[in-house]
Amino acid sequence: MPVVFSAVKRFDLTSGEAWPKFIAWSSLTQLREVVSLDLILCPTIFNELTAEDWLHNVQEDFKITLFHDLDYVLSKVAEDDRVNVLALLQNPTDDEVRSFSDRRFVFRGFDLVELHTGISALVNCGGFDKAFAPTELSDCGLLADHARALSVQRLLRYEYTDEHHAACDVWAIWQMKERPDSSGERP
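Bear in mind the structure is a predicted one, so any value in this text is a computation, not a measurement. (Residues numbered from 1 in each chain as written. Predicted model: local features only at pLDDT ≥ 70, side-chain atom pairs only at ≥ 80, totals over all residues. Heavy atoms only, no water.)

(A) Layout of the pattern of salt bridges. Per the counting criterion, the structure on display carries nine salt bridges. The salt bridge involving Glu 17 is made with Lys 21; its shortest N-O contact spans 3.9 Å. Among the salt bridges present, the one from Glu 33 reaches Arg 32, with a minimum N-O distance of 3.1 Å. The exposure class assigned to Glu 33 is buried, which follows from its relative accessible area of 1%. (Salt bridge = Lys/Arg side-chain N within 4 Å of Asp/Glu carboxyl O. Buried < 20%, exposed > 50% of the residue type's maximum accessible area, 1.4 Å probe, protein only.)

Okay, here's the thing in structure tokens:
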């Protein structure tokens, strides 16, 4: 799958009461922000797809809020500063990760997300101690190393065979640094 794009709501210290409750529950005190495809913590801004959305989105089960067209995603979030625009690769190879070089984005790491529910095994399942330590996660709640992400993916499936959130895809995630304003100009 080529690089795709999405826009999700930000989840960080400015998210009100939900943030300290989440940090207390998760014990992920190193986090400054969650950058994820997790549909509960960072819900998509594409709740009800329009006819126009269907001209630009990925038309596969559980991926309809992902888009091929970055400019289209940017047009939908131009006025909203509480949104993260993400570039994404599903189950990427090392070469695919290295080949994405859009300077508007910064690489944040790898998430492990259960495709059917959209839940991140890294930040929203209460921990999987046999697969990874919470201290391995970055300040965005992601794994920094591709090989480690693949290892955690295998360990989740092996150690937690009865846990549906353990059947995850690896997603490489880049976060847009800044967005053009509604006129198309950079701030």
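Moving on, there is more to tell.
(B) Fine view of the sheet that holds strand β5 (residues 105-114). Ordered by their spatial adjacency, five strands build an open sheet running β1-β4-β7-β5-β6, and the pairing between neighbours is antiparallel. Two strands lie at the open edges of the sheet, namely β1 (4-9) and β6 (119-120), each paired on one side alone. Bridging between β1 and strand β4 (residues 83-90) involves six bridges; their strand directions are antiparallel. The partner of Ala 7 across the bridge, within β4, is Val 85. Lying over the sheet, helix α4 (residues 146-159) contacts β5 and β7 (169-176), oriented at roughly 10 degrees with respect to β5. (Pairing = 2+ DSSP bridges. Helix = DSSP H or I, 4+ residues; strand = E, 2+ residues; numbered from the N terminus. Contact = heavy atoms within 4.5 Å. Axes fitted to C-alpha atoms, helices over the stretch in contact; angles between N-to-C directions.)

(C) How the structure looks around the confidence of the model for the protein. Confidence in the prediction of the protein, expressed as mean pLDDT, is 89, and 95% of residues score 70 or more. Ranking the elements of the protein by mean pLDDT puts helix α2 (residues 70-77) last with 91 and strand β3 (residues 33-34) first with 97. (pLDDT = per-residue confidence, 0-100.)

(D) The arrangement of the state of the cysteines in detail. Per the counting criterion, the structure on display carries zero disulfides. Not part of a disulfide, Cys 42 finds its nearest cysteine sulfur in Cys 140, a span of 10 Å. As a non-bridged cysteine, Cys 125 has Cys 168 as the owner of its nearest cysteine sulfur, 7.0 Å distant. (Disulfide = S-S within 2.5 Å.)

(E) Representation of the packing of aromatic side chains. Within this structure, the stated rule accounts for twelve aromatic pairs. Grouping aromatic residues by their ring pairs yields a cluster made of Phe 5, Phe 100, Phe 105, Phe 107, Phe 110 and Trp 174. (Phe/Tyr/Trp six-rings, centres within 6.5 Å; stacked < 30°, edge-to-face > 60°.)

(F) Structural detail: the nonpolar core. Counting 58 residues, the largest nonpolar core has Phe 22, Val 34, Phe 105, Leu 112 and Leu 156 as the members making the most contacts within it. Only β1, α1 (18-26), α2, β4, β5, α4 and β7 provide two or more residues apiece to this core. When residues no more than four places from it in sequence are discounted, the contact partners of Phe 22 are Phe 11, Ser 27, Leu 28, Leu 31, Val 34, Leu 41 and Val 123. (Core = buried A, V, L, I, M, F, W, Y, C linked by side-chain atoms within 4.5 Å.)

(G) Highlighting the pairing of β7. The buried count for β7 comes to eight of eight residues, which makes it a mostly enclosed element. Burial of the side chains of β7 extends over both faces: Asp 169, Trp 171, Ile 173 and Gln 175 are buried on one face and Val 170, Ala 172, Trp 174 and Met 176 on the other. Looking at chain direction, β4 and β7 are connected through five bridges and run antiparallel. Paired with Leu 86 across the two strands is Gln 175, which belongs to β7. Bridging between β5 and β7 involves eight bridges; their strand directions are antiparallel. Residue pairing across strands places Val 113 opposite Asp 169, the latter belonging to β7.

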